[in-house]
Amino acid sequence: AFLAFVAAVWAVTISLRAYRNSYVPLIRVVPARVGEVAPKPVNLHGVILKNLGRGPAVAVVIVEKRGATANTLVGELDALEPLGELFGPEFREQKGRVGRAFVELTRPQCPGHPYRVLYQDTSSDWHETEFTVRADASGFEVRMSGHRHGEEIPAWVRERAQIVTA
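Now for a quick tour of the structure. (Residues numbered from 1 in each chain as written. Predicted model: local features only at pLDDT ≥ 70, side-chain atom pairs only at ≥ 80, totals over all residues. Heavy atoms only, no water.)

As for the sheet that holds strand E2 (residues 42-51)
And then number 1: Across the sheet, which stays open at both edges, the 3 strands sit in the order E1-E2-E5 with antiparallel pairing between neighbours. Looking at strand neighbours, the two that pair on one side only are strand E1 (27-33) and strand E5 (100-104), the edges of this open sheet. Each strand axis lies, on average, 35° off the axis of its neighbour in the sheet, ignoring direction.
And then number 2: Sheet topology note: the E2/E5 ladder contains 5 bridges and is antiparallel. Within E5, the residue paired with Val-47 across the bridge is Val-103. (Pairing = 2+ DSSP bridges. Helix = DSSP H or I, 4+ residues; strand = E, 2+ residues; numbered from the N terminus. Axes fitted to C-alpha atoms, helices over the stretch in contact; angles between N-to-C directions.)

Written out as structure tokens, the structure reads:
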């Protein structure tokens, strides 16, 4: 009976972990471009966020450097759904696509400076994507860091959490 109980607890634990991992957001940061002539320069006043994961991202916060204080906040978004299908006459239209959002920043990005995008999934776990504007402002260097423990998230960002567990 004891072994059956242990096996049942183990099975429930594995099932919950698999369920949670099935709905994890993954945000990719893409430079917004301006102008009509290629190569289009990077718009340093905003970024495009795309949720490549399978679950929604909530309490999305963009901070400068490590985000130690609230004055490093440069942009935020309440929620970002998983990326949807392309649409338009030839199914090539990107603007307005579900899971893609332009975020206007409170101050322009500085080439060479690191930025963090911090966000929650629906099970209240935190995730991170880091990006740096290339020195020549031609694009971004992006690293999708994934899951972060609560202690790795600045306290002022955790206070913005939209999903809280006891």
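Anyway, onward from the coordinates.
Side note on the pattern of salt bridges
A side chain with one charge can pair with a side chain of the opposite charge if their charged atoms come near.
And then number 1: Under the counting rule described, the total for this entry stands at 8 salt bridges.
And then number 2: Of the charged contacts, one joins Glu-130 and Arg-143 as a salt bridge, the two residues approaching to 3.0 Å between their closest N and O atoms. Of this pair, Glu-130 sits in strand E7 (residues 126-133) while Arg-143 sits in strand E8 (residues 140-148), and the two are 13 residues apart along the sequence.
And then number 3: Using a relative accessible area of 48% as the deciding quantity, one classes Arg-143 as partly exposed.
And then number 4: A single salt-bridge network, built from bridges that share partners, covers Arg-66, Arg-116, Glu-128, Glu-130, Arg-143 and Arg-148. (Salt bridge = Lys/Arg side-chain N within 4 Å of Asp/Glu carboxyl O. Buried < 20%, exposed > 50% of the residue type's maximum accessible area, 1.4 Å probe, protein only.)

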